Amino acid sequence: MALRRLIPFGLQHVLVMAASPITSVFIVSRTLNLSADLTINLISATFLVCGLGSLLQSFGPWKFGARLPFIMVPGGAPIAIFLIIAKQTDIQTAVGAVIITALLYFAIIPVFARGLRYFPKLVIGTMLILVSINLVKIYGGIVTGQPGSAHFGDPANILMALMTIGLTLVFARVLTGMLSQLSVLFGLLAGAAVAAALGQMSFGSILPGPVVSFPTLLPFGMPHFDLYAAVPLIVFSVISMAEATGQTVAIADAVGKDIDQRVDVPKTIRGDALISLIGGLFGTSLIITSGENIGVVKATGVKSRYVTAVSGVILIGIALLAPIGRLVYAIPGPVVGGTAIIVFCIIAVMGIDMLRNVDMSDHGNVFTLASGLTMGLLPILVPGVYSHFPHAAQMILGNGLAAGTVTAVLVNILFQSRAPRVGFTDMRAGLELTEE
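Residues numbered from 1 in each chain as written. Predicted model: local features only at pLDDT ≥ 70, side-chain atom pairs only at ≥ 80, totals over all residues. Heavy atoms only, no water.

## Digging into the nonpolar core
Thought 1: Of all hydrophobic cores here, the largest spans 97 residues; its most connected members are Phe119, Val131, Tyr139, Ile269 and Ile331.
Thought 2: Looking at this core element by element, the count peaks at 11 residues for helix α7 (residues 121–144).
Thought 3: Apart from residues no more than four positions distant in its own chain, phenylalanine 119 is found in contact with Ile124, Val235, Val238, Ile239, Thr405 and Val409.
Thought 4: The next biggest cluster of nonpolar side chains, apart from the first, holds 6 residues, and it includes Ala66, Phe70, Ile251 and Ala252. (Core = buried A, V, L, I, M, F, W, Y, C linked by side-chain atoms within 4.5 Å. Buried < 20%, exposed > 50% of the residue type's maximum accessible area, 1.4 Å probe, protein only. Helix = DSSP H or I, 4+ residues; strand = E, 2+ residues; numbered from the N terminus. Contact = heavy atoms within 4.5 Å.)

What follows is the structure, given as structure tokens:
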């Protein structure tokens, strides 16, 4: 394919995924109150690592990468876990957890298929709902400010976030085809434009400064390695492998390539592991293959992996242009907050959709979901509930995502190991008889 065609097709993939690295950096920056310099550095690092990952997956050297048209992005769930670890401990420990998880990927790959049966749709759906609730809580705080602060509940900030959500919905309703996939990005840009028109966005710091910048290795200092703190990300890594399996099969089918799952899926996962390790060294969370670009391939019919390789080059170019990072940083927090809230509520919708296919007449499934939500929501809605517990216990129990997911896995195993199954309807009937 000629370069003049590769570039626009590659740019199309970049536009579809652009909102992901931008919102992921803002989530980390606003939640942890990072400085402007650190935020701009993290924006550059995230685009750089996504670009390198897209090149790796497209070319697949030395069995690292699937040699398929993949784009890599920061995962929504890993960002949530990264932030929880950082708030429980510190950001150096969160970075250490990313590095530990990336290294353990390589050890887990040979046996991950055996563990997938412990993560049915019931467990993954529970996890996605907990991820969504936790992130909405975090970003709701970014929109409203912290309770007790001078600007808490400022109507201007809340209206700016609601306006951004409304514009995103308008774009999602009006646009069709490929453009509809850019609704989130268009909503973010439109919200920023309105904020600028209202004088809520300053452009004074965008042009001054260097034009080219290189992200810094270990921007937060030396990582701290705490295996207990890394458990939530390690648990997620198994789910990520399951997602990578489905995405590899889907993209191979979309491009008409015959693959051997036992050979090609590990290549995808090894690519994820290596890029996540590099990302950890640059201060990012886990970087994983994106399912969004599968829709681009199917919609356009452009199946060449050289297109996503060009996308990788474009992403690296964006990473090295410092004014782009400064422009992104200038977007007001409530605008990004509104974008993030609707994006992460979509994660809950995905979880609910998974749970729709679960038999809720089975009382084991009911109690698995209920127990997972109980253990997951308690630390999210009541911060500090385990503050008097030992530190090691706080790392698991105080992390709603980890506590809820592990509980759902264990309770599901408990009920599935029982030979007789009592339907939920039968259980309710039994309760009614008891009451009589």
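## Comments concerning the packing of aromatic side chains
Thought 1: With the rule as written, the count across this model stands at 5 aromatic pairs.
Thought 2: Ring plane angle 65° and centroid distance 6.2 Å describe the contact between phenylalanine 64 and phenylalanine 106, whose orientation is recorded as edge-to-face. Placement of the pair is phenylalanine 64 in the loop between α3 (36–59) and β1 (72–74) and phenylalanine 106 in helix α5 (residues 91–108), with a sequence separation of 42 residues.
Thought 3: Given the relative accessible area of 24%, phenylalanine 64 is considered partly exposed.
Thought 4: Since its relative accessible area comes to 30%, phenylalanine 106 is described here as partly exposed.
Thought 5: For the pair phenylalanine 367 and phenylalanine 415, a centre-to-centre distance of 6.2 Å together with 5° between the ring planes defines the contact as stacked. (Phe/Tyr/Trp six-rings, centres within 6.5 Å; stacked < 30°, edge-to-face > 60°.)

## Section: the pattern of salt bridges
Thought 1: Counting across every chain of the model gives 2 salt bridges.
Thought 2: Here lysine 267 makes a salt bridge to aspartate 264, at a shortest N to O gap of 3.9 Å. In this pair, lysine 267 and aspartate 264 are both assigned in helix α12 (residues 261–281), 3 residues apart and thus about one turn of the helix distant.
Thought 3: We note a salt bridge from arginine 356 to aspartate 353, for which the minimum N-O separation is 2.8 Å. Here the residue arginine 356 and the residue aspartate 353 both occupy positions in helix α16 (residues 333–356), the gap between them amounting to 3 residues, near one helical turn. (Salt bridge = Lys/Arg side-chain N within 4 Å of Asp/Glu carboxyl O.)

## Details of the packing of α5 against α12
Thought 1: Where α5 contacts α12, the two axes come as close as 8 Å, and the packing angle between them is 155°. When the interaxial angle is binned, α5 and α12 end up roughly antiparallel. The crossing of α5 and α12 is left-handed. Between α5, through Val95, Val98, Ile99, Ala102, Leu103, Tyr105 and Phe106, and α12, the contact on the second element is made entirely by Ile269, Arg270, Ala273, Leu274, Ser276, Leu277, Gly280 and Leu281.
Thought 2: Here the contact of α5 with α12 is composed, by residue class, of 12 nonpolar, 2 polar and 1 charged. (Axes fitted to C-alpha atoms, helices over the stretch in contact; angles between N-to-C directions. Parallel < 35°, antiparallel > 145°, perpendicular 65-115°, else oblique. Left-handed = near helix turned anticlockwise from the far one by under 90°. Nonpolar A, V, L, I, M, F, W, Y, C, P; charged D, E, K, R; others polar.)

## A closer look at the confidence of the model for the protein chain
Thought 1: Mean pLDDT over the protein chain stands at 81; residues scoring 70 or higher make up 89%.
Thought 2: Helix α20 (residues 424–435) is the least confidently modelled element of the protein chain, averaging 43 in pLDDT, while helix α17 (residues 363–381) averages 93, the highest of any element.
Thought 3: Per-residue pLDDT stays below 50 along residues 421–436; that stretch engages in 17 contacts with residues further than four places along the chain or on separate chains. (pLDDT = per-residue confidence, 0-100.)

## Overview of α3
Thought 1: Over its 24 residues, α3 runs 35 Å from end to end, which matches the ideal 34 Å to within 8%, given 1.5 Å per residue.
Thought 2: Judged by how many residues are buried, α3 sits mostly within the fold: 18 of 24 residues are covered. (Expected span 1.5 Å × (residues − 1).)

## Topic: α17
Thought 1: Here α17 spans 26 Å end to end across 19 residues, near enough to the 27 Å set by a 1.5 Å rise per residue.
Thought 2: With a side-chain oxygen lying 2.7 Å from the backbone nitrogen of glycine 364, the N-terminal cap of α17 falls on aspartate 362. (Polar contact = N/O pair within 3.5 Å; in protein donor to acceptor, adjacent residues only side chain to side chain.)

## Concerning the environment of leucine 135
Thought 1: Its location among the elements puts leucine 135 in helix α7.
Thought 2: In this structure, the C-alpha to C-alpha distance between leucine 135 and alanine 77, residues 58 residues apart in sequence, is 9.0 Å.
Thought 3: Dropping the residues within four chain positions of it, leucine 135 is found in contact with Ile27, Gly76, Ala80 and Phe344.

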